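Structure assessment
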Amino acid sequence: METQNCHNCQHSFEGNFCNHCGQRNIGNNRLRIREVVNDFFDNTFNLHKGFFFTFWKLIVSPGKVAHAYIKGQRKRFTNPTRYLVIALAFQAFMDYWFKTDEILEKDEYFYFPFLSERLNNSMELWNIKLTIEFSLLSSLFEVLLFPIIFYVLFRSLKLNFTELLTTNFYYISTSTLITMTILFVTKVLFDVFVSIEFIALLLLIYVSWAYLSFFKTTPLWIRSLKIGVGIAFFLIMRVFVLPFTLSLLNPLT
Ligand SMILES: [Zn+2]
């Protein structure tokens, strides 16, 4: 095998990849359009093999994907942070293109009879604001809250916070990708928006399924109970505590 000098890091190497920086040997050739296109997909999205494979595996066996990544199979699936960025970009595109706020404004928010009319109105407005204007912040809330809850509920499994966080990157992104795809398809084919209840239900079903599959070493009934408690806690925080606190700090009318 011939020795080459890597044009990226000046290290000499043999074979298909530079053993110092990992650049492929074709990086030493003159630029050709095929390389530029391949490089774009590989570095930016890793779409041509990794992304759809990862998405599919996260639907059929979500526990396996997260555990493989945690246990060190870092190249087998799309990196969780990259996967999250793709999902958020897709969500931003959908929000921009299809004006998903139209579905929200038609929707009735929860009414809490023990709170004043003004507070209820303000909470409804905050909910719309959170979902539309601060959609990235709302996603961040989902991304961070689940690992915190499950860190506490499943601390006997000795998973660290980063492991639960990257797992949740996969699951929140997959639930976003599933609902956005359904929104996209129904809008394009039938020109209808599916209801927000349907979307919320789908999200809950996926997140439950993903975590049931992830915590599989815990006996089923304890696992189901803890995941149920975790999701209930999340919903109370997102539907009540967060808009309530924001309404107290800064009431909207
Ligand atoms: Zn190199």
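Residues numbered from 1 in each chain as written. Predicted model: local features only at pLDDT ≥ 70, side-chain atom pairs only at ≥ 80, totals over all residues. Heavy atoms only, no water.

**Let's talk about the pattern of salt bridges**
- For the structure shown, the criterion picks out 1 salt bridge.
- Taking the shortest distance from any N to any O, the salt bridge between lysine 187 and aspartate 191 comes out at 2.9 Å. (Salt bridge = Lys/Arg side-chain N within 4 Å of Asp/Glu carboxyl O.)

**Description of the UniProt feature "transmembrane region" (unreviewed entry) in the protein**
- Feature annotation in UniProt assigns "transmembrane region" (unreviewed entry) to the following positions: residues 81-98, 134-157, 169-190, 196-215 and 227-249.
- Segment residues 81-98 splits into 100% helix and 0% strand. End C-alpha atoms: 25 Å apart.
- Overall, residues 227-249 shows 100% helix and 0% strand. The separation of its end C-alpha atoms is 31 Å. (UniProt positions renumbered as here; feature names shortened; annotations may be inferred. Helix = DSSP H or I, 4+ residues; strand = E, 2+ residues; numbered from the N terminus.)

**Let's talk about the coordination of the zinc ion**
- Every protein donor of the zinc ion is accounted for by Cys6 (SG), Cys9 (SG), Cys18 (SG) and Cys21 (SG), and the metal-donor separations fall at 2.3 to 2.4 Å.
- Classification of the site at the zinc ion as tetrahedral follows from its 4 donor atoms and the range of 105 to 113° in their angles at the metal.
- Between consecutive donor residues of the zinc ion, the sequence gaps follow C-x2-C-x8-C-x2-C. Remark: cysteine 21 occurs in the loop between strand 2 (12-13) and helix 1 (33-45) and cysteine 6 occurs in the loop between strand 1 (4-5) and strand 2; sequence separation between them is 15 residues.
- The exposure class assigned to cysteine 21 is partly exposed, which follows from its relative accessible area of 33%. (Donors = N, O, S within 2.8 Å, 3.2 Å for Na, K, Ca; no water. Tetrahedral: all angles 85-135°; square planar, octahedral: opposite > 155°, others 65-115°. Buried < 20%, exposed > 50% of the residue type's maximum accessible area, 1.4 Å probe, protein only.)

**Thoughts on a positive patch on the surface**
- Together, Lys64, Lys71, Arg76 and Lys216 make up a positively charged patch on the protein surface.
- Tracing the chain through its elements places arginine 76 in the loop between helix 3 (62-70) and helix 4 (80-98).
- Judged by relative accessible area, which is 47%, arginine 76 ranks as partly exposed. (Patch = residues over 30% accessible without salt bridge, like charges linked within 9 Å, V, L, I, M, F, W, Y side chains within 5 Å. Areas by Shrake-Rupley, 256 points an atom, 1.4 Å probe, with all protein chains shown as cover. Lys, Arg positive; Asp, Glu negative; His and termini not counted. Charge placed at Lys NZ, Arg CZ, Asp CG, Glu CD.)

**Description of the nonpolar core**
- Ranked by internal contacts, the top residues of the largest apolar core, which has 38 residues, are Phe146, Tyr170, Tyr171, Tyr211, Phe214 and Phe215.
- Those elements giving two or more residues to this core turn out to be helix 2 (47-60), helix 3, helix 4, helix 7 (135-153), helix 8 (161-190), helix 9 (196-214) and helix 10 (220-249).
- Ranked by the residues each element gives to this core, the list is headed by helix 8, at 8 residues.
- Core analysis: the second largest hydrophobic core is formed by 7 residues, Tyr109, Leu115, Leu119 and Phe240 among them. (Core = buried A, V, L, I, M, F, W, Y, C linked by side-chain atoms within 4.5 Å.)

**Quick notes on a nonpolar patch on the surface**
- A cluster of nonpolar residues, Phe93, Tyr96, Trp97, Phe184, Val185, Val188, Leu189, Phe190 and Val192, forms a patch on the protein surface that exposes about 960 Å² of accessible area.
- Of all elements in the fold, only helix 4 and helix 8 reach the threshold of two or more residues within the nonpolar patch.
- With respect to the element layout, tyrosine 96 can be found in helix 4.

**Digging into the packing of aromatic side chains**
- Inspection of every chain in the model, using the stated rule, returns 25 aromatic pairs.
- With a centroid separation of 5.7 Å and 65° between ring planes, the pair formed by tyrosine 83 and tyrosine 170 is classed as edge-to-face. Taken together, the residues span a long stretch of sequence, with tyrosine 83 in helix 4 and tyrosine 170 in helix 8 at a distance of 87 residues. You'll find tyrosine 83 and tyrosine 170 in the same group, each marked buried.
- Above the face of the tyrosine 69 ring, arginine 74 is positioned so that its terminal group lies 4.9 Å from the ring centre.
- In this structure, lysine 226 packs its charged tip against the face of phenylalanine 154, placed 5.2 Å from the ring centre. (Phe/Tyr/Trp six-rings, centres within 6.5 Å; stacked < 30°, edge-to-face > 60°. Lys NZ or Arg CZ within 6 Å of the ring centre and 35° of its normal.)

**Observations regarding helix 8**
- Along its 30 residues, helix 8 runs 42 Å from first to last C-alpha, staying within 8% of the 44 Å computed at 1.5 Å per residue.
- The distance from a side-chain oxygen at the start of helix 8 to the backbone nitrogen of threonine 162 is 3.1 Å, and the residue carrying that oxygen is asparagine 160.
- Positive phi shows up at aspartate 191, right after helix 8, with a value of about 55°. (Expected span 1.5 Å × (residues − 1). Polar contact = N/O pair within 3.5 Å; in protein donor to acceptor, adjacent residues only side chain to side chain.)

**Quick look at empty space enclosed by the protein**
- One pass over the structure, following the stated rule, counts 1 cavity of 30 Å³ or more.
- A volume near 30 Å³ is recorded for the largest cavity.
- Lining the largest cavity are Leu84, Ala87, Leu88, Gln91, Ser139, Ile172, Ser173 and Thr176.
- Elements represented by at least two residues in the lining of the largest cavity include exactly helix 4 and helix 8.
- Looking at the lining of the largest cavity, the element that brings in the most residues is helix 4, giving 4 residues.
- Its residues assigned to classes, the lining of the largest cavity comprises 4 nonpolar, 4 polar and no charged. (1 Å grid on protein atoms, 1.4 Å probe; cavity = no way out; pocket = protein on both sides within 12 Å on 5 of 7 lines; lining within 4 Å. Points joined across faces, edges and corners; volume = space filled by probe spheres on them. Nonpolar A, V, L, I, M, F, W, Y, C, P; charged D, E, K, R; others polar.)

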